[in-house]
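# Chains, contacts and geometry: an overview
Spelled out from the first residue to the last, the chains are:
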Amino acid sequence: MTTTLLVFLALAAVSLFAAWRVVTDPQIMHAGLWMGLSFVGVAGIFLLLTAEFLAGVQILIYVGAITTIILFGIMLSDIGEVKEEEPPLLSLPGRAKRPGTPVAVLAAGAFVLALILLYRDVAWTSLPAAGTLSTAPGAGTPAGGLWEGFSVKLIGQALFGEYALPAEAASVLLLAALLGALVLAAREEG
Amino acid sequence: MPPLGYFLVFGALLFATGLYGVLTQRNAIRVVMSVELMLNAANVNFLAFTRYLYPHDPRGAVWAIFVMTVAAAEVAVGLAIILVLSRRRQSIDVDRAAEMKG
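As a starting point, this report considers the structure included with it. If you're wondering where the values come from, they're calculated on a predicted model, not measured in any experiment.

## Comments concerning the packing of aromatic side chains
Taken as a whole, this structure holds 11 aromatic pairs over all chains when the rule is applied. Measuring from ring centre to ring centre gives 5.5 Å for Phe17 of chain A and Trp34 of chain A, while their planes differ by 90 degrees; the resulting arrangement is edge-to-face. One end of the pair, Phe17 of chain A, is in helix H1 (residues 3-24); the other, Trp34 of chain A, is in helix H2 (residues 28-48), with 17 residues separating them in the sequence. Taking the relative accessible area as the measure of exposure, Phe17 of chain A reaches 46% and is therefore partly exposed. The partly exposed category is assigned to Trp34 of chain A, whose relative accessible area is 23%. With a centroid separation of 4.7 Å and 25 degrees between ring planes, the pair formed by Phe111 of chain A and Phe15 of chain B is classed as stacked. In this pair, Phe111 of chain A sits in helix H4 (residues 101-121) while Phe15 of chain B sits in helix H1 (residues 4-24), so the two residues belong to two different chains. On the basis of relative accessible area, Phe111 of chain A is assigned to the partly exposed category, the value being 26%. The exposure class of Phe15 of chain B is partly exposed, given its relative accessible area of 23%. Pairwise contacts between aromatic rings join Phe8 of chain A together with Tyr6, Phe7, Phe10 and Tyr52 of chain B into one cluster.

Following this line, the structure appears as structure tokens:
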């Protein structure tokens, strides 16, 4: 068992456990913090995949922005139900606290099972760079060269070359989301 | 280096956890959190496939960046909607929020 495998297993265990706590922790603030820990674990996985730029972006956006905004959203709300201090005001008749849990377990389990079966059956050899799907250390690394697929230079060239239009569309989307969130949140103040 | 399958199974498990959360939670904020977990799992798959099958190709990373952008926008708008919902309806139970007209 190599060191990277151990690191991978540790990171995967941390992020999966944190993700599990997100959906099970009775306190929603704790669930938000667990979500942040899960994002940090995934950032570690990105580092293991040698995507250091993506790992940095993951920390900045997911841990820095998304977790913070969700925690602020919980704290700024004065409704007890948001903070899960109170049970829902009106429980729908005939529904338990966690409706449809067996269905959800079945759906999630079937999803994982189907994906694993699919992964086992796909002939990876039909894809380019066949043979990189090996357990050998550094599999897929170009011989005698540094790994380039995730270099900031290549990503930047792609973003402002081949993907210039989608990048502009993404910036418009962010602007629209900013304005939309402002309008939605400010409307009630009158 | 662990084989590609390990990363794919990790992504599948993370996605399934998010899926379970989306299906079981009634608090809208928890549903948003679960959706974020699912988007993260998709990014893991993007980067794992790029790392193992498409060396010298930045497209997987570019798509992961787009996913993060959309996730940020989704959280901003989603939380604004949830806060409006909580003000107007005094409830953010997704089972009770069945109409968009206030």
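## Thoughts on the nonpolar core
If you look at the biggest cluster of nonpolar residues, it comprises 60 residues, and the most contacted ones within it are Leu54 and Ile70 of chain A together with Phe7, Ile29, Met33 and Leu47 of chain B. When residues of this core are traced back to their parent elements, those giving at least two are H1, H2, helix H3 (52-76), H4 and helix H5 (152-160) of chain A together with H1, helix H2 (28-53) and helix H3 (59-89) of chain B. Setting aside chain neighbours within four positions, we find Leu47 of chain B in contact with Phe46, Leu49, Ala51, Leu54 and Phe150 of chain A together with Gly60, Ala61 and Ala64 of chain B. Residues Val23, Ala104 and Val112 of chain A together with Ala16 of chain B belong to the second largest nonpolar core, which totals 6 residues.

## Section: a nonpolar patch on the surface
Residues Val14, Leu37, Val40 and Ile59 of chain A make up a contiguous nonpolar surface patch of about 270 Å² in total accessible area. The topology assignment puts Ile59 of chain A in helix H3.

## Let's talk about the side chain of Arg51 of chain B
Considering the arrangement of structural elements, one finds Arg51 of chain B in helix H2. We note that Arg51 of chain B is buried and unpaired, the nearest opposite charge coming from Glu52 of chain A at a distance of 8.8 Å. For Arg51 of chain B, the side chain forms a polar contact with the side chain of Thr50 of chain A, separated by 3.3 Å.

## Points about the interface of chain A and chain B
At the interface, 100 residues of chain A touch 78 residues of chain B. Summed over both partners, the interface of chain A with chain B buries about 8,000 Å², with 75% contributed by carbon and sulfur atoms. Seen at the junction of chain A and chain B, the total is 0 salt bridges. The interface formed by chain A and chain B contains 7 residue pairs in polar contact (both at pLDDT 80 or more). Of all the secondary structure elements, the ones that give two or more residues to the side of chain A that touches chain B are H1, H2, H3, H4, H5 and helix H6 (164-186) of chain A. Class assignment of the residues belonging to the side of chain A that touches chain B gives a composition of 70 nonpolar, 19 polar and 11 charged.

## A look at the packing of H1 of chain A against H1 of chain B
The contact between H1 of chain A and H1 of chain B brings their axes to 9 Å, and the two run at 5 degrees. Judged by the angle between their axes, H1 of chain A and H1 of chain B are roughly parallel. For the pair H1 of chain A and H1 of chain B, contact is made by Leu5, Phe8, Ala12, Ser15, Leu16, Ala19, Trp20 and Val23 of chain A and by Tyr6, Phe7, Phe10, Leu13, Leu14, Thr17, Tyr20 and Gly21 of chain B, respectively. When the residues that make up the contact of H1 of chain A with H1 of chain B are grouped by side-chain class, the tally is 13 nonpolar, 3 polar and no charged.

Analysis parameters
Residues numbered from 1 in each chain as written. Chains lettered and ligands numbered in written order. Predicted model: local features only at pLDDT ≥ 70, side-chain atom pairs only at ≥ 80, totals over all residues. Heavy atoms only, no water. Phe/Tyr/Trp six-rings, centres within 6.5 Å; stacked < 30°, edge-to-face > 60°. Helix = DSSP H or I, 4+ residues; strand = E, 2+ residues; numbered from the N terminus. Buried < 20%, exposed > 50% of the residue type's maximum accessible area, 1.4 Å probe, protein only. Core = buried A, V, L, I, M, F, W, Y, C linked by side-chain atoms within 4.5 Å. Contact = heavy atoms within 4.5 Å. Patch = residues over 30% accessible without salt bridge, like charges linked within 9 Å, V, L, I, M, F, W, Y side chains within 5 Å. Areas by Shrake-Rupley, 256 points an atom, 1.4 Å probe, with all protein chains shown as cover. Salt bridge = Lys/Arg side-chain N within 4 Å of Asp/Glu carboxyl O. Lys, Arg positive; Asp, Glu negative; His and termini not counted. Polar contact = N/O pair within 3.5 Å; in protein donor to acceptor, adjacent residues only side chain to side chain. Buried area = accessible area lost by both parts, 1.4 Å probe. Nonpolar A, V, L, I, M, F, W, Y, C, P; charged D, E, K, R; others polar. Axes fitted to C-alpha atoms, helices over the stretch in contact; angles between N-to-C directions. Parallel < 35°, antiparallel > 145°, perpendicular 65-115°, else oblique.

Just geometry here; none of it tells us what the structure is for.
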